[in-house]
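Structural overview
Okay, here's what each chain looks like letter by letter:
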Amino acid sequence: VITLGHKGQLYVELACRTAHADFPSRMTALPNAAWRIVWAVASLKGPDERVRVPGFYDGVRPITPEAERAFYSTLSGDVSALRTRTGVRAFVKNLDGQAVMRYTYSEPALGLCGLGGGYTGPGHKLVTPGEACARVECRLVPDQDPERLPGAFRAHLDAHGFDDVTVEVLASNPPYSIEPDTPLARLVADAARDVYGVDPVMVPFATGIGSRYLFRRHTAMPIAGFAVGYAGSALETSDEHIRVRDYDEGIRHIVAILARAQGLPRVDDRGAGP
Amino acid sequence: VSAILAPAASYIRAGMDQWMRELAEFCRLPSVAEYPGAMHAAAGWLGRRMTAAGLDVRLLLPTPGGFPTVYAERRGRSSKTVLFYNHYDIAAYTNPVSADGDTLPVGIRDGRFYNRGVADDKGCSLSRVVAVEAMLRTAGELPLGVKFVSFGKAKPNDDALEHFLTQHPELAACDAVIWETGMKDERDRPTASLGAKGYVYFELRGRGARVAQPSRFTILPNPAWDLIWALASLKDGSERILIDGFYDEVTPPTAEDLAVVDVFGDALGDAMLERVGVPAFVLGKTGRAAARHWFFEPSCTVCGITGGYAGPGERLAIPTDVAAKVEVRLVAAQRPDDIITKARAHLDRHGFGHLEMVVLSHTAPYRTSMSDPLVRAAQRAALRVYGQPLVIRPTSIGMSPKYRFAPRPTVGVGVEYAGSCMEEPDEHIRLADWEEGARMIVALLEEYAQEAAT
């Protein structure tokens, strides 16, 4: 798989404080920070996965016929390994087959990485949380702009009556992607054919976040990515691994690219990119 | 009419120094389960004090928690019988009790009696024994029969009462119950509670992937979202609970119920908000509207929510285990088992069948009718003792096992006040309130005997 970019990210904490501290739950006429967070977060996205924050989808590149041909038509539809490995009962929106990969490589998403508030120990305690928080993560695709999103969240929360819910940005990274017909993309793909003997799978961006956008900010150099892992690498779990044969092939891919690199046009690396 | 009250009140007044010395003995015992010796000593002390008052006493064993239930009785002129409900263990729901050696400190100063446990519930317990003693010493008999039952609970949800009611139905038989506690409010008015709320406390649990997966796998289902959506489906911003049929069995408050809670509502205001540090009541309600909401509306509270990572910094993972603790507080005459069934059905119908709902605890609500003779007796007694109307609360805002005595009427009256700092280091009662509380018991028994006779 050759990645021509990476996703962007905006990681925010939504927090609400309604009282000095947690207080006895028998005071049922007083506001509850956990409910405020539940309702505020629920207002952001429903089970249809569609993000309801106005402006969230601004800048998302439409899928062009070129992108369809270069990327999406070639995506694998075999998701059984992912299902088995994670043990999930279904994917979001009940997607299956190639739609799973198409979603992964085209849709921005709103994730929820953490929730906290009130009493969460064993047994029961009759308290109303005085504060609560949620960690919300936007995974962005080109060319969404993470700098504009905190304002969009703020406006959405205010419009829904959640002016007591704060938005704090913990991390922000823009997405990045080059077009499939750039010389670098073509060269890396050709080199892959030399080594692997098959057409490589090109994807518009890696699903993870990265720092490629910094190169774009400071230079005009295009970036493509590929590595030595495979679909079953179980990233970031205790079983993370690679296959030795993939590693060998990865090295030969680098060699093949360098061998073909003389054909690349020179980029003025002092000029900033778009 | 006051053939009984006046001499009994003099008896109580004359002995105040002695009653406070006795109360100090009782209160020095750190009677919580962590000090089993003190629990047994407190039961023994209370039993001996009841015997001295002229009651027939039995320490009932075995009990579920291992500590005796102190039972006492005395017949009266009328065949009617009133049962006093109390406990000799010290309430420790929020703050544990720590004794200095094997003794709890007692301080009597500025007309106040300081001790952890004196407000809940030892002061109230002794006031009732002294009240009955005063009637026996001054009138030679009681106008009606009395029973005392005082529990030594080993833990908050001890089923000592359940055990007593099933094992000793003949001892539990009575016409009315005088419950523990009934404080003077912020304006120093005597209050009495006629019932309690119930609740269902459950945990809603969701599970995602076997091992936490990076959040870049945006295609994977996220149990934290499911939990958020499931909770949001239970109640919306209007505070209306959205479970089908949830309100079906709610007894609407009567005009009389509303009128008495309005009295409370008129005193409900900024002082309470400031104490908790909250700017406003829910839905912007104030005064009477806030009080009506508080007392008569069933509620749904998220007591805790957890999932994934919410500590410092960022962690990019999809939560694997998420959970919310949910308390549904019930009003008369909702039934816990009915609400549990409806909540589960609601979750299933809204696509949250995969979320686990584990009920951790539940009790039923209960409300005594405002027009019950016991309530009328308490109102007249208060006018005589306090010189002002009793502020009636048709229900307390907390839970209690009052419903176990249904359909008998229960009224809670006591000796503490709004500033008693229950379960806090400064827990105390005022001596004057204690004395009035003892007189209130005398007047209440006298008035109820007359109600029963008519």
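What comes next is a walk through the structure. Positions within a chain are numbered from 1, following the residues in the order the chain's sequence is written. Chain A is the first chain written and ligand 1 is the first ligand written, with later ones labelled in order. Local features in a predicted model are, by the rule used here, given only for residues with pLDDT of at least 70; side-chain atom pairs are given and counted only at 80 or more, and totals for whole chains, interfaces and linings are based on all residues. Excluding hydrogens and water, the side-chain values take into account all heavy atoms of the structure.

Note on aromatic pairs: the rings of Phe, Tyr and Trp (six-membered ring only in Trp) are paired at centre separations within 6.5 Å, and the planes decide the class, stacked below 30 degrees, edge-to-face beyond 60, tilted for the rest. This model, assessed by the stated rule, comprises 18 aromatic pairs over all chains. Judged by centre distance (6.0 Å) and plane angle (80 degrees), the ring pair of Phe-71 of chain A and Tyr-72 of chain A falls under edge-to-face. Look at Phe-71 of chain A and you get buried, because its relative accessible area is 4%. Geometrically, the ring pair formed by Trp-225 of chain B and Trp-229 of chain B is stacked, given 5.3 Å between the ring centres and 25 degrees between the ring planes. Of the two residues, Trp-225 of chain B and Trp-229 of chain B both sit in helix H7 (residues 223-234), 4 residues apart, roughly one turn of that helix. For every residue, the accessible area obtained with a 1.4 Å probe (protein chains only) is divided by the maximum for its type, and the residue is called buried under 20%, exposed over 50%, and partly exposed between those limits. Since its relative accessible area comes to 10%, Trp-229 of chain B is described here as buried. Within the aromatic cluster, the residues linked to one another by ring pairs are Tyr-71, Tyr-85, Phe-151, Phe-164, Trp-179 and Phe-405 of chain B. Both a distance and an angle decide whether a charge sits over a ring: NZ of Lys or CZ of Arg must be within 6 Å of the ring centre and within 35 degrees of the ring normal. A cation sits over an aromatic face here: Arg-109 of chain B above Tyr-114 of chain B, 4.2 Å from the ring centre. Lys-122 of chain B extends its terminal NZ or CZ atom over the ring of Phe-26 of chain B, reaching a point 5.4 Å from the ring centre. In DSSP terms, a helix is any run of H or I states spanning at least four residues, a strand is any run of E spanning at least two, and both are numbered starting from the N terminus.

A separate point is the interface of chain A and chain B. Note on contacts: a residue pair is in contact if any heavy atoms of the two residues lie within 4.5 Å. Contact with chain A, which involves 73 residues of that partner, is made by 73 residues of chain B. The quantity reported as buried area is the accessible area (1.4 Å probe) lost by two parts once they are put together, taken as the sum for both. Summed over both sides, the interface between chain A and chain B buries roughly 5800 Å², with carbon and sulfur atoms accounting for 64% of that surface. Should a side-chain nitrogen of Lys or Arg be within 4 Å of a carboxyl oxygen of Asp or Glu, the pair is scored as a salt bridge. Linking chain A with chain B are 2 salt bridges. Across the pair Glu-236 of chain A and Arg-216 of chain B runs a salt bridge whose closest N-O atoms are separated by 3.4 Å. N or O atoms within 3.5 Å of each other form a polar contact, as long as, within protein, one can give a hydrogen and the other can take it, and as long as residues adjacent in sequence are counted only when both atoms are side-chain atoms. The interface formed by chain A and chain B holds 33 residue pairs in polar contact (both at pLDDT 80 or more) in total. Looking at the side of chain A that touches chain B element by element, the count peaks at 10 residues for strand E4 (residues 109-118) of chain A. The residue classification treats Ala, Val, Leu, Ile, Met, Phe, Trp, Tyr, Cys and Pro as nonpolar and Asp, Glu, Lys and Arg as charged. All others, Gly included, are polar. Tallied by class, residues from the side of chain A that touches chain B come to 38 nonpolar, 24 polar and 11 charged. Here, strands pair whenever DSSP counts at least two bridges between them. Looking at chain direction, E4 of chain A and strand E12 (residues 299-308) of chain B are connected through 5 bridges and run antiparallel. In the sheet register, Leu-115 of chain A faces E12 of chain B, and the bridge partner there is Gly-307 of chain B.

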